Amino acid sequence: MWALFVTCFASVGVRAKQIAIVIDDIGYHQRDLEFLSLPGQLTYSILPHTPYSQIFATLASQSNKELLLHIPMQALNGKELGPGALTLNMTKEQLQQTLGTALATLPQVKGVNNHMGSALTQKSQAMKWTMEVLKKRHLYFLDSRTTDLSQAQNAANFLGVANIGRQVFLDNITTTEQLQLRLNELKQQATEHSFAIAIAHPYPETINFLRHAIPELTKQGFELVPVSQLVERKYIQLAQSDGKVGNAR
């Protein structure tokens, strides 16, 4: 599937300075629905089995917004994970069944990213079990990168699952100054590497900031795109890089 995307994208070319912004942690609160009013091609990551997951997914799909499953994974800090969580004590069958059940509740999603997971994503075997499910369903994986020791993308590469990692957490600190600082970091990453991904959360401060920041991004020459478009772009660049190496031999 991804080889076809690469061929199609390469034939039409891609623009420079593309940005994807993912709004994580969607589903617990009615106020999360307000984020659908933001302009541009944002991507939304929905927590499974939450009170507003279904209505959000339905409304987002009607607006042609890209969706991810935000699957809870065990963290090092012992925080409560919520329903549908993948944990270290699960067998392969338990983990894959839990993930499959969560995916079945949100058939609209194009990919999966981890909610927390600083413990589980370090485990190669658990990540391979996870990627086996994604491979069968032709879904991509976005590594939220809650730990520098994550094995998620290595496991995805091993099993041939399309994957990508985030560069910036936009709103760990929700003051306007810090939000702007993180956005500037995101723009710098996109300028240097031609694309970049940020993760944000459904905070009131974040939505207020993005209402003004998103139109400014467009004026500054950045293109806001769904994460899947950057996954495709990643593999185009890898294919082009391999081609250059091959021609140099």
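Presented here is an overview of the structure given in this document. The shown structure was predicted, so the numbers you read here are calculated from the model rather than taken from an experiment.

**Considering the overall build of the chain**
Counting its secondary structure elements, the chain contains eight helices and nine strands. Over its C-alpha trace the chain gives a radius of gyration of 18 Å, about what one expects of a compact globule, namely 18 Å for 249 residues. Counting all 249 residues of the chain, 51% fall into the buried class. Considering only contacts in the chain between residues 6 or more positions apart, those separated by 24 or more positions represent 72%.

**Thoughts on the pattern of salt bridges**
Following the criterion strictly, the structure yields five salt bridges and no others. Across the pair Lys92 and Glu132 runs a salt bridge, and its minimum N-O distance is 3.2 Å. Taken together, the residues Lys92 in helix 3 (residues 92-105) and Glu132 in helix 4 (residues 124-137) connect sequence positions 40 residues apart. Residue Asp143 is joined to Arg145 by a salt bridge in which the shortest nitrogen-to-oxygen separation is 3.7 Å. By relative accessible area, Arg145 is classed as partly exposed at 25%.

**Brief notes about helix 7 (residues 204-219)**
Quick reminder: α-helices carry 3.6 residues per turn. Residues three or four places apart thus point the same way. For helix 7, which comprises 16 residues, the first-to-last C-alpha distance of 24 Å matches the rise-based estimate of 22 Å (1.5 Å per residue) to within 8%. Taken as a whole, helix 7 carries its principal kink of about 35° at Leu210. Buried within helix 7 we find Thr206, Ile207, Phe209, Leu210, Ala213, Ile214 and Leu217. Gly221, located one to two residues past helix 7, shows a positive phi value of around 90°.

**Focus: the nonpolar core**
Most often, soluble globular proteins have nonpolar side chains that are buried together. Grouped together as the largest cluster of nonpolar side chains are 56 residues, with contacts concentrated most on Ile21, Leu69 and Leu134. Counting 16 residues, the second-largest nonpolar core is a separate cluster that includes Val22, Ile197, Ile199 and Tyr235.

**Some words on the side chain of Asn163**
Along the chain, Asn163 turns up in strand 6 (residues 163-165). Within the structure, the side chain of Asn163 is placed 2.9 Å from the side chain of Gln153, a separation counted as a polar contact. Only 2.9 Å separates the side chain of Asn163 from the backbone oxygen of Val161, close enough to count as a polar contact. Not counting residues within four places of it along the chain, the set of residues in contact with Asn163 comprises Phe141, Gln153, Ala156, Asn157, Val231, Lys234 and Tyr235.

**Things to note about the packing of aromatic side chains**
Two aromatic rings are characterised by how far apart their centres lie and by the angle between their planes. One pass over the full model with this rule turns up one aromatic pair. Seen from their ring centres, Tyr44 and Phe56 are 5.2 Å apart, and the 65° between their planes marks the pair as edge-to-face. With a gap of 12 residues between them, Tyr44 in strand 2 (residues 43-46) and Phe56 in helix 2 (residues 53-62) connect regions that are remote in the sequence. Note on Phe56: relative accessible area 0%, which makes it buried. Above the plane of the ring of Phe222 lies Lys17, whose end atom (NZ or CZ) is 4.4 Å from the centre.

**What to know about unusual backbone geometry**
When glycine is set aside, most residues are seen to have a negative phi, and most peptide bonds are trans. Unusually for a residue other than glycine, Asn64 sits at a positive phi of about 60°. On the secondary structure map, Asn64 appears in the loop between helix 2 and strand 3 (66-73). Asn64 gets classed as exposed once you look at its relative accessible area, which sits at 61%. Although it is not a glycine, Arg145 sits at a positive phi angle of roughly 55°. Tracing the backbone through its elements, the reader meets Arg145 in the loop between strand 5 (140-143) and helix 5 (152-159).

**Overview of the packing of helix 4 against helix 5**
At their nearest, the axes of helix 4 and helix 5 sit 8 Å apart, and the two run at 50° to each other. Judged on the interaxial angle alone, helix 5 and helix 4 are oblique. Crossing of helix 4 over helix 5 shows right-handed handedness. Within the contact between the two elements, helix 4 uses Ser124, Met127, Lys128, Met131, Glu132 and Lys135 and helix 5 uses Ala152, Ala155, Ala156, Phe158 and Leu159.

**Points about helix 6 (residues 176-193)**
Taking 1.5 Å as the rise per residue, helix 6 with 18 residues should run 26 Å; its terminal C-alpha atoms sit 26 Å apart, in good agreement. Taken together, the buried positions of helix 6 are occupied by Leu179, Leu183, Leu186, Lys187 and Ala190. Seen along its axis, helix 6 keeps its buried residues to an arc of 100°; they face one direction. For helix 6, the exposed residues lying more than 90 degrees away from the buried face are Glu177 and Glu192. For helix 6, the secondary structure elements touched by its buried residues are strand 1 (18-26), strand 7 (168-169), strand 8 (195-200) and helix 7. Positive backbone phi, at 80°, marks Ser194, one or two positions downstream of helix 6.

What counts and how
- Residues numbered from 1 in each chain as written.
- Predicted model: local features only at pLDDT ≥ 70, side-chain atom pairs only at ≥ 80, totals over all residues.
- Heavy atoms only, no water.
- Helix = DSSP H or I, 4+ residues; strand = E, 2+ residues; numbered from the N terminus.
- Rg over C-alpha atoms; globule rule 2.2 N^0.38 Å.
- Buried < 20%, exposed > 50% of the residue type's maximum accessible area, 1.4 Å probe, protein only.
- Contact = heavy atoms within 4.5 Å.
- Salt bridge = Lys/Arg side-chain N within 4 Å of Asp/Glu carboxyl O.
- Expected span 1.5 Å × (residues − 1).
- Bend = angle between axes of the 7 residues up to and from the residue.
- Core = buried A, V, L, I, M, F, W, Y, C linked by side-chain atoms within 4.5 Å.
- Polar contact = N/O pair within 3.5 Å; in protein donor to acceptor, adjacent residues only side chain to side chain.
- Phe/Tyr/Trp six-rings, centres within 6.5 Å; stacked < 30°, edge-to-face > 60°.
- Lys NZ or Arg CZ within 6 Å of the ring centre and 35° of its normal.
- Axes fitted to C-alpha atoms, helices over the stretch in contact; angles between N-to-C directions.
- Parallel < 35°, antiparallel > 145°, perpendicular 65-115°, else oblique.
- Left-handed = near helix turned anticlockwise from the far one by under 90°.
- Arc of directions from axis to C-beta.

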